Amino acid sequence: MKTEKLQAITSPVRRAGRPRRAAPALDSASILHAALALLEEQGDAFSMRALAHSLGVDAMAVYHYYAGKEELLLALMAQRFAALDPRQPPFTQRQGPQRRLLALCALYLELVSATPYFVRLMARGLVEQADVAERFTALFELAVDGLALDKKTRLRGRDALVDFLHGYALAGRPASETAWHASVGLLLAGITARH
């Protein structure tokens, strides 16, 4: 025979009302995953409150991980553009400069085409992009290595290339097309014309 105390533990009294929902597992990775999808869906209407709602948590739970929208956007950009790694370039040094530039452009277009919202933010200057710019610059320097270019020409060439790639992505052109290869060839010809 069970004691009263043991009986109360094994068969607790059910309270009236709704059962409690299990709190969803929340971590930085799940927040970033949900935020990326929501950003592309809502664009400028994106908010931390909407993100919390989509995750099924209180807004303060998201703020526990990210101080605000700007910090979250920076984390998303860092994650999205992590493939721009100068330690692992998308080309080999045995390839010629044009092949190296094409490989760099293909990688960058793949990244920005997958998340056009970031390109719009970068173009409008609404999100800091220093890390992305530094990574792209380092890879660009590796790609044009061996060409006798002065610093000013390299910077102008890099800026023209980035402007072209952002415009291409904003136009909604798929990264899988190869029509842009000719444009990169023309840019390279312009960069090297004086040398």
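Rules behind the numbers
- Residues numbered from 1 in each chain as written.
- Predicted model: local features only at pLDDT ≥ 70, side-chain atom pairs only at ≥ 80, totals over all residues.
- Heavy atoms only, no water.
- Helix = DSSP H or I, 4+ residues; strand = E, 2+ residues; numbered from the N terminus.
- Buried < 20%, exposed > 50% of the residue type's maximum accessible area, 1.4 Å probe, protein only.
- Areas by Shrake-Rupley, 256 points an atom, 1.4 Å probe, with all protein chains shown as cover.
- Expected span 1.5 Å × (residues − 1).
- Arc of directions from axis to C-beta.
- Core = buried A, V, L, I, M, F, W, Y, C linked by side-chain atoms within 4.5 Å.
- Contact = heavy atoms within 4.5 Å.
- Salt bridge = Lys/Arg side-chain N within 4 Å of Asp/Glu carboxyl O.
- pLDDT = per-residue confidence, 0-100.
- Axes fitted to C-alpha atoms, helices over the stretch in contact; angles between N-to-C directions.
- Parallel < 35°, antiparallel > 145°, perpendicular 65-115°, else oblique.
- Nonpolar A, V, L, I, M, F, W, Y, C, P; charged D, E, K, R; others polar.
- Phe/Tyr/Trp six-rings, centres within 6.5 Å; stacked < 30°, edge-to-face > 60°.

*Asks:* Would you explain the overall build of the protein chain in this entry?
*Replies:* Of the regular secondary structure elements, the protein chain holds ten helices and zero strands. Ordered by position from N to C terminus, the α and β elements of the protein chain give α-α-α-α-α-α-α-α-α-α. Scored against the burial criterion, the 195 residues of the protein chain give a buried share of 33%. Of the roughly 12,000 Å² of accessible surface on the protein chain, a fraction of 55% belongs to carbon and sulfur atoms.

*Asks:* How should I be thinking about helix H5 (residues 69–80) in this particular structure?
*Replies:* Working note: α-helix, 3.6 residues per turn, so residues spaced by three or four point in the same direction. Between its terminal C-alpha atoms H5 stretches 16 Å, which fits the 16 Å expected from twelve residues at 1.5 Å a residue. When H5 is considered as a whole, its buried residues turn out to be Leu-72, Leu-73, Leu-76 and Met-77. One side of H5 holds all its buried residues, which, seen down the axis, span an arc of 135 degrees.

*Asks:* Help me out: how do you make sense of the nonpolar core in this one?
*Replies:* In a soluble, globular protein the nonpolar side chains are often hidden away together inside. Grouped together as the largest cluster of nonpolar side chains are 53 residues, with contacts concentrated most on Leu-51, Leu-72, Phe-81, Leu-84 and Tyr-108. The biggest single contributor to this core is helix H6 (residues 97–114), with ten residues. Excluding residues within four positions of it along the chain, Leu-84 makes contact with Leu-104, Leu-107, Tyr-108, Leu-111, Val-132, Arg-135 and Leu-139.

*Asks:* Mind showing me how you'd approach the pattern of salt bridges here?
*Replies:* It is possible for side chains bearing opposite charge to pair when their charged atoms get close. Counted according to the given criterion, the structure contains five salt bridges. Across the pair Asp-159 and Arg-158 runs a salt bridge whose closest N-O atoms are separated by 2.7 Å. Since its relative accessible area comes to 37%, Asp-159 is described here as partly exposed. In this structure, Arg-173 and Glu-177 form a salt bridge, with 3.0 Å as the shortest nitrogen-oxygen distance. Taking relative accessible area as the criterion, Arg-173 reaches 38% and is therefore assigned partly exposed.

*Asks:* Looking at this structure, I do not really get the side chain of His-166. What am I missing?
*Replies:* Looking at the element boundaries, His-166 is found in helix H9 (residues 151–170). Classification of His-166 by relative accessible area gives buried; the value is 12%. Ignoring sequence-local partners within four residues, the contact set of His-166 consists of Tyr-108, Val-119 and Met-122.

*Asks:* Which parts of the structure should I look at to understand the confidence of the model for the protein chain?
*Replies:* Where the model shows low pLDDT, its predicted coordinates should not be examined in detail. Chain-level statistics for the protein chain give a pLDDT mean of 84 and a share of 84% at 70 or above. Mean pLDDT across the elements of the protein chain bottoms out in helix H1 (residues 4–10) (53) and peaks in helix H3 (residues 48–55) (94).

*Asks:* Help me understand the packing of H6 against helix H7 (residues 116–123), please; the structure alone is not making it clear to me.
*Replies:* Each pair of packed helices gets described by two things: the angle between the helix axes and the distance between those axes. At their nearest, the axes of H6 and H7 sit 4 Å apart, and the two run at 95 degrees to each other. Considered as vectors, H6 and H7 are oriented roughly perpendicular to each other. In this structure, H6 uses Tyr-108, Val-112, Ser-113 and Ala-114 to contact H7, whose residues at the interface are Pro-116, Val-119 and Met-122. In terms of residue class, the contact of H6 with H7 is built from six nonpolar, one polar and no charged.

*Asks:* What should I look at first to understand the packing of aromatic side chains in this one?
*Replies:* By convention here, two paired aromatic rings are described through the distance between centres and the angle between planes. By the definition in use, this model includes three aromatic pairs. When the centroid spacing of 6.0 Å and the interplanar angle of 45 degrees are considered together, the rings of Phe-164 and Tyr-168 count as tilted. Separated by four residues within a single helix, Phe-164 and Tyr-168 lie in helix H9, roughly one turn from each other. Ring pairing ties together the aromatic residues Phe-81, Tyr-108 and Phe-136, which thus form one cluster.

*Asks:* Whenever I open this one, the environment of Leu-188 confuses me. Can you help?
*Replies:* Examined against the element boundaries, Leu-188 turns out to sit in helix H10 (residues 180–192). Among the residues examined, Leu-188 registers a relative accessible area of 9% and is labelled buried. When the C-alpha atoms of Leu-188 and Gly-157 are compared, they prove to be 7.6 Å apart, with 31 residues separating the residues in sequence. When sequence neighbours within four positions are dropped, the list of residues in contact with Leu-188 reads Pro-97, Gln-98, Leu-101 and Leu-147.

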